[in-house]
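Letter by letter, the chains look like this.
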Amino acid sequence: AQTVTQSQPEMSVQEAETVTLSCTYDTSESDYYLFWYKQPPSRQMILVIRQEAYKQQNATENRFSVNFQKAAKSFSLKISDSQLGDAAMYFCAYRSARSTGTASKLTFGTGTRLQVTL
Amino acid sequence: NAGVTQTPKFQVLKTGQSMTLQCAQDMNHEYMSWYRQDPGMGLRLIHYSVGAGITDQGEVPNGYNVSRSTTEDFPLRLLSAAPSQTSVYFCASSYSVGQRAQYFGPGTRLLVL
């Protein structure tokens, strides 16, 4: 079974600075997808960024980028030029590329709470 | 598009009561699922459906039933609520089982006394 580990329960960053959230995962599969979801106080789960395991190039979405290290099974999220609106829980998630049964589910980490200070 | 909608937003139940959490999507997504979110545990899959008339169990299905009579709707039923079912429930959908991202509803907060 796949597992996702986020070892930083809380992180803090000053506005306009850069912060990196860590995520490691364990899987025996070679083809899968990785995601970062943001959950603000409203509790809505918002997709931030996604990475396909077969792609070597790291995904970027505006101020958000990932460092995907497949051999190390590491998938960190970098937030540049942090804004007050970035304050939220961030969840790392794994999804198998197999399309049968519970393989299609998302496996989540326990989350990292990001605080953004002035 | 309204996306994925859930009702109610918040509900209080007494132990033993039953209720249905509603989920609907207007994106013609084949795949729908229910997760529960508990403190310190991330989200865990309860039940899922790969299309109308097809449902299956996830990681934590005990105490919950689902059905999928239409593509749009995927209700979650609690037959006899227990305090252990106090949680936040999320419905999610995607175009197909193989699609990479799932889209989440706003969540239903359930308190069982």
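Above: the structure in question.
Residues numbered from 1 in each chain as written. Chains lettered and ligands numbered in written order. Predicted model: local features only at pLDDT ≥ 70, side-chain atom pairs only at ≥ 80, totals over all residues. Heavy atoms only, no water.

What about the overall build of chain A?
Short version of the rule: Think of it this way: any DSSP run of H or I at least four residues long counts as a helix, any run of E at least two long counts as a strand, and we number them from the N terminus. Note that the radius of gyration is over C-alpha atoms, with the globule rule given as 2.2 Å times the number of residues to the power 0.38. Relative accessibility thresholds used throughout: buried, under 20% of the residue-type maximum; exposed, over 50%; partly exposed, between the two (1.4 Å probe, protein chains only). Note on contacts: a residue pair qualifies if any of its non-hydrogen atoms lie within 4.5 Å across the two residues. Neither His nor the chain ends is counted toward charge; the positive residues are Lys and Arg and the negative residues Asp and Glu. To locate a charge, take atom NZ for lysine, CZ for arginine, CG for aspartate or CD for glutamate.
Scanning chain A for helices and strands turns up zero helices and twelve strands. Taken over the C-alpha trace, chain A has a radius of gyration of 14 Å; the compact-globule value for 118 residues is 13 Å, and the two agree within 12%. In terms of principal-axis extent, the alpha carbons of chain A reach across some 45 × 30 × 20 Å. Counting every position in chain A, which comprises 118 residues, the buried fraction comes to 49%. In chain A, the share of contacts with a sequence separation of at least 24, taken over all contacts with a separation of at least 6, comes to 57%. Within chain A, one finds 12 positive and 10 negative side-chain charges whose respective centroids are separated by 7 Å.

Quick word on the pairing of strand E6 (residues 54-57) of chain B
Heads up, the condition is: Strand pairing requires that DSSP identify at least two bridges connecting the strands.
Where strand E5 (residues 43-51) of chain B and E6(B) come together, four bridges link them in antiparallel fashion. Residue pairing across strands places Gly51(B) opposite Ile54(B), the latter belonging to E6(B).

A word on the state of the cysteines
Applied cut-off: Note on terminology: disulfide denotes any pair of cysteine sulfur atoms within 2.5 Å.
Across all of its chains, the model carries two disulfides over all chains by this definition. The side chain of Cys23(A) participates in a disulfide bridge whose partner is Cys92(A); the two sulfur atoms lie 2.0 Å from each other. Measuring the twist about the S-S bond at about -70 degrees, one finds the Cys23(A)-Cys92(A) disulfide to be left-handed. Here Cys92(A) lies in strand E10 (residues 88-96) and Cys23(A) lies in the loop between strand E3 (19-21) and strand E4 (24-26), a separation of 69 residues in the sequence. In terms of burial, Cys23(A) and Cys92(A) fall into one category: buried. Cys23(B) shares a disulfide with Cys91(B); S-S distance 1.9 Å. Judged by the sign of its S-S torsion, about -70 degrees, the cystine formed by Cys23(B) and Cys91(B) is left-handed. Placement of the pair is Cys23(B) in strand E3 (residues 19-25) and Cys91(B) in strand E9 (residues 87-94), with a sequence separation of 68 residues. Of the two residues, Cys23(B) and Cys91(B), both sit in the buried class.

Things to note about the packing of aromatic side chains
In plain terms, the rule: Working definition: a ring pair exists when centres of Phe, Tyr or Trp rings (six-membered ring for Trp) sit within 6.5 Å. Plane angles under 30 degrees give stacked, over 60 give edge-to-face, the rest tilted. Note on geometry: a ring has a charge over it if NZ (lysine) or CZ (arginine) is within 6 Å of the ring centre and within 35 degrees of the ring normal.
The tally for this structure, following the rule as stated, stands at 15 aromatic pairs over all chains. Between the aromatic rings of Phe35(A) and Tyr37(A), the centroid separation amounts to 6.1 Å while the plane-to-plane angle is 40 degrees, which identifies the pairing as tilted. When its relative accessible area of 0% is taken as the criterion, Tyr37(A) is described as buried. Clustering of aromatic rings is evident, with ring pairs tying together Phe35(A), Tyr37(A), Phe91(A), Phe108(A), Tyr35(B), Phe90(B) and Phe104(B). For the cation-ring pair, Arg95(A) lies above Tyr31(B), with the distance from its terminal atom to the ring centre recorded as 5.3 Å.

Observations regarding the layout of surface pockets
The gaps of empty space that remain are located by a probe, the size of a water molecule, rolled over the atoms. Rule in force here: Cavity: a set of points on a 1 Å grid over the protein atoms alone where a 1.4 Å probe fits but cannot get out. Pocket: an open set with protein on both sides within 12 Å along at least five of seven lines, its lining residues, like those of a cavity, having an atom within 4 Å of a point. Grid points are joined across faces, edges and corners, and a volume is the space filled by probe spheres set on the points. Nonpolar residues are Ala, Val, Leu, Ile, Met, Phe, Trp, Tyr, Cys and Pro. Charged residues are Asp, Glu, Lys and Arg, and all others, Gly as well, are polar.
A volume near 360 Å³ is recorded for the largest pocket. Looking at the lining of the largest pocket, the elements with two or more residues in it are E10 and strand E12 (112-117) of chain A together with E9 of chain B. Of the residues that constitute the lining of the largest pocket, the class distribution is ten nonpolar, six polar and three charged.

Quick word on the interface of chain B and chain A
We count it as follows: Accessible area that two parts lose when put together, evaluated with a 1.4 Å probe and summed over both, is termed the buried area. Take a side-chain nitrogen of Lys or Arg and a carboxyl oxygen of Asp or Glu: if they are within 4 Å of each other, that pair is a salt bridge. As used in this structure description, the phrase polar contact means that two N or O atoms lie within 3.5 Å; if the pair is within protein, one of them must be able to donate a hydrogen and the other to accept it, and residues adjacent in sequence are counted only when both atoms belong to side chains.
The partner chain A presents 23 residues to the 27 residues of chain B that form the contact. Buried surface at the junction of chain B and chain A, summed over both partners, amounts to about 2,000 Å²; 54% is from carbon and sulfur atoms. The interface formed by chain B and chain A contains zero salt bridges. Along the contact surface separating chain B from chain A lie five residue pairs in polar contact (both at pLDDT 80 or more). Mapped onto the side of chain B that touches chain A, the elements with two or more residues apiece are strand E4 (31-37), E5, E9 and strand E10 (103-104) of chain B. Broken down by class, the residue content of the side of chain B that touches chain A amounts to 13 nonpolar, eleven polar and three charged.

Topic: the environment of Ala53(A)
Residue and element names in this part refer to chain A. Structurally, Ala-53 can be placed in the loop between strand E6 (46-52) and strand E7 (60-61). Residue Ala-53 is classed as buried on the basis of its relative accessible area, which comes to 5%. Distance from Ala-53 to Thr-110, taken between C-alpha atoms, is 21 Å for residues 57 residues apart in sequence. Leaving out residues up to four positions away in the same chain, Ala-53 has contacts with Ser-30, Tyr-32, Phe-68 and Lys-70.

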